[in-house]
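These are the residues of each chain, in order.
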Amino acid sequence: EDQVTQSPEALRLQEGESSSLNCSYTVSGLRGLFWYRQDPGKGPEFLFTLYSAGEEKEKERLKATLTKKESFLHITAPKPEDSATYLCAVQFSSNYKLTFGKGTLLTMNP
Amino acid sequence: EADIYQTPRYLVIGTGKKITLECSQTMGHDKMYWYQQDPGMELHLIHYSYGVNSTEKGDLSSESTVSRIRTEHFPLTLESARPSHTSQYLCASSVIPGTGDLPTEAFFGQGTRLTVV
């Protein structure tokens, strides 16, 4: 069965302390991997799409990378406003359905 | 910023009532989805649609029903609400890529937090 696993479940950082979030997947055929940010009580906000191993995308303090079995979301010098749950979703086949991981809750210490 | 809207944002309703959650998008997307999300848990797909008059059940069994009479509108209905239906419901839409094209991202609404008492 196709699965998406995110780690850690929760992460607490000091301002300026860089870290990486992991998304690993067991897949029969990856078509695309998506990163989203979700604030409490709101819908997910799209961040990045990755399609093939070796691909990288950057946006401000965030950088997403993809290998054959996992993706990393690197957060460089995070700020308090980066506190959120970061979700990884994978499209495995051509039916457009996304399989989501449970997310990583990032909390920035004030 | 994505133009997809859900109403109401919050709903508290009694057991046995019929409810309809509204979802509209102004992006002209063919593909629309409904996800259910409990606190601290992953999103589960409950319904999706490829376009007008197309609806399919998702991976998570749900007692809700959906309709797609217009491209921009994808309402979800519960005929008789129960406490087990208490959850957050998220609507999303995306472009259907052309043959051989790569998949595109889905854009989400702000969600409806449903509480059935």
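Here, every reference points to the structure presented above.
Let me begin by describing the structure that accompanies this report. (Residues numbered from 1 in each chain as written. Chains lettered and ligands numbered in written order. Predicted model: local features only at pLDDT ≥ 70, side-chain atom pairs only at ≥ 80, totals over all residues. Heavy atoms only, no water.)

Let's talk about the overall build of chain B
Here is the rule: The way it works is that DSSP assigns letters per residue, a run of H or I at least four long becomes a helix, a run of E at least two long becomes a strand, and they are numbered from the N terminus. As defined in this context, the radius of gyration uses C-alpha atoms, and a globule is described by 2.2 Å times the residue total to the power 0.38. Relative accessibility decides the category of a residue: with a 1.4 Å probe and only protein chains considered, values under 20% of the type maximum give buried, values over 50% give exposed, and everything between is partly exposed. In what follows, a contact means two residues having at least one pair of non-hydrogen atoms within 4.5 Å. Each accessible area value is a Shrake-Rupley result obtained with a 1.4 Å probe; residue values ignore everything except the protein chains displayed when judging cover. Just so you know, the count uses Lys and Arg for positive and Asp and Glu for negative, and it drops His and the chain ends. Think of each charge as sitting on NZ of Lys, CZ of Arg, CG of Asp or CD of Glu.
Of regular secondary structure, chain B possesses zero helices and 11 strands. Put simply, chain B runs from its N terminus to its C terminus through helices and strands in the order β-β-β-β-β-β-β-β-β-β-β. Here the C-alpha atoms of chain B give a radius of gyration of 14 Å, agreeing with the 13 Å that 2.2 N^0.38 yields for 117 residues. In terms of principal-axis extent, the alpha carbons of chain B reach across some 45 × 30 × 25 Å. Across the 117 residues in chain B, those meeting the buried criterion constitute 46%. Look at the contacts in chain B between residues 6 or more apart in sequence, and 55% of them connect residues 24 or more apart. Just so you have it, chain B exposes about 5,600 Å², and 52% of that area is on carbon and sulfur atoms. Here chain B contributes 9 positively and 13 negatively charged side chains, and the mean placements of these two sets differ by 10 Å.

Focus on the sheet that holds strand 3 (residues 19-26) of chain A
Residues and elements named next belong to chain A. The following threshold applies: Two strands qualify as a pair provided DSSP detects at least 2 bridges between them. Axes, fitted as lines to C-alpha atoms, cover a helix only where it is in contact. Angles between the N-to-C directions of the axes lie from 0 to 180 degrees.
Overall, antiparallel pairing links the five strands, which are arranged 1-3-8-7-6 in an open sheet. The sheet terminates laterally at strand 1 (3-7) and strand 6 (56-59), the two strands that pair on one side only. Strand-to-strand twist across the sheet, computed as the mean angle between neighbouring axes with direction ignored, equals 15°. Relative to strand 8 (residues 70-75), strand 3 runs antiparallel, the two being bridged by six bridges. Across the sheet, the residue bridging to Ser 19 is Ile 75, located in strand 8.

Thoughts on the state of the cysteines
Our working rule: Whenever a pair of cysteine sulfur atoms sits within 2.5 Å, that pair is classed as a disulfide.
Applying the stated criterion to the full structure yields two disulfides over all chains. The disulfide that involves A:Cys23 links it to A:Cys88, with 1.9 Å between the sulfurs. Taking the sign of the S-S torsion, -60° for the link of A:Cys23 and A:Cys88, the bridge is left-handed. Of this pair, A:Cys23 sits in strand 3 while A:Cys88 sits in strand 9 (residues 84-91), and the two are 65 residues apart along the sequence. No difference in accessibility class separates A:Cys23 from A:Cys88, as the two residues are buried. Disulfide pairing is shown between B:Cys23 and B:Cys91; the S-S distance is 1.9 Å. The sign of the S-S torsion, about -75°, decides the handedness of the disulfide formed by B:Cys23 and B:Cys91: left-handed. Pair noted here: B:Cys23 is in strand 3 (residues 19-25) and B:Cys91 is in strand 9 (residues 87-94), with a separation of 68 residues, a long-range link. A relative accessible area of 0% means that B:Cys23 is categorised as buried.

What to know about the pattern of salt bridges
Oppositely charged side chains may form a pair once their charged atoms are brought near each other. Residues and elements named next belong to chain B. Selection rule: Salt bridges, as used here, are contacts in which a Lys or Arg side-chain nitrogen is within 4 Å of a carboxyl oxygen on Asp or Glu.
One pass over the full model with this rule turns up seven salt bridges over all chains. Residue Glu 79 is joined to Lys 18 by a salt bridge in which the shortest nitrogen-to-oxygen separation is 3.9 Å. Taken together, the positions of Glu 79 in the loop between strand 8 (76-78) and strand 9 and Lys 18 in the loop between strand 2 (10-13) and strand 3 put the pair 61 residues apart, joining distant regions of the chain.

Examining the sheet that holds strand 8 of chain B
Pairing is antiparallel in the open sheet, where four strands are placed in the order 1-3-8-7 (chain B). The open sheet has two edge strands with one neighbour each: strand 1 (4-7) and strand 7 (65-66) of chain B.

Topic: the interface of chain A and chain B
Which entries qualify depends on this criterion: Buried area: the accessible surface (1.4 Å probe) lost by two parts on joining, summed over both. In the analysis that follows, any N or O atom pair within 3.5 Å is treated as a polar contact, provided that within protein one partner can donate a hydrogen and the other can accept it, and provided that, for residues neighboring in sequence, both atoms belong to side chains.
Counting from both sides, the interface comprises 21 residues of chain A and, opposite them, 25 residues of chain B. For the pair chain A and chain B, the two sides together bury roughly 2,000 Å², of which 56% comes from carbon and sulfur. Our enumeration of links across chain A and chain B arrives at zero salt bridges. Applying the counting criterion to the chain A and chain B interface returns five residue pairs in polar contact (both at pLDDT 80 or more). Put simply, the parts of the chain that give the side of chain A that touches chain B at least two residues each are strand 4 (32-38), strand 5 (45-50), strand 9 and strand 10 (98-100) of chain A.

Some words on the nonpolar core
Formally: As used in this record, nonpolar core signifies buried Ala, Val, Leu, Ile, Met, Phe, Trp, Tyr and Cys residues forming a set joined through side-chain atoms within 4.5 Å.
Judged by nonpolar contacts, the single largest core of 23 residues is most densely connected at A:Leu33, A:Trp35, A:Leu73 and A:Tyr86. Contributions of two or more residues to this core are made by strand 2 (10-13), strand 3, strand 4, strand 5, strand 7 (62-66), strand 8, strand 9 and strand 11 (104-108) of chain A. Per element, the largest residue contribution to this core is four residues, and it comes from strand 9 of chain A. When residues no more than four places from it in sequence are discounted, the contact partners of A:Tyr86 are A:Gln6, A:Leu21, A:Trp35, A:Tyr36, A:Arg37, A:Leu47, A:Leu62, A:Leu73, A:Ile75, A:Gly103, A:Thr104 and A:Leu106. Ranked by size, the runner-up nonpolar core spans 17 residues in total, among them B:Ile4, B:Phe74, B:Cys91 and B:Val116.

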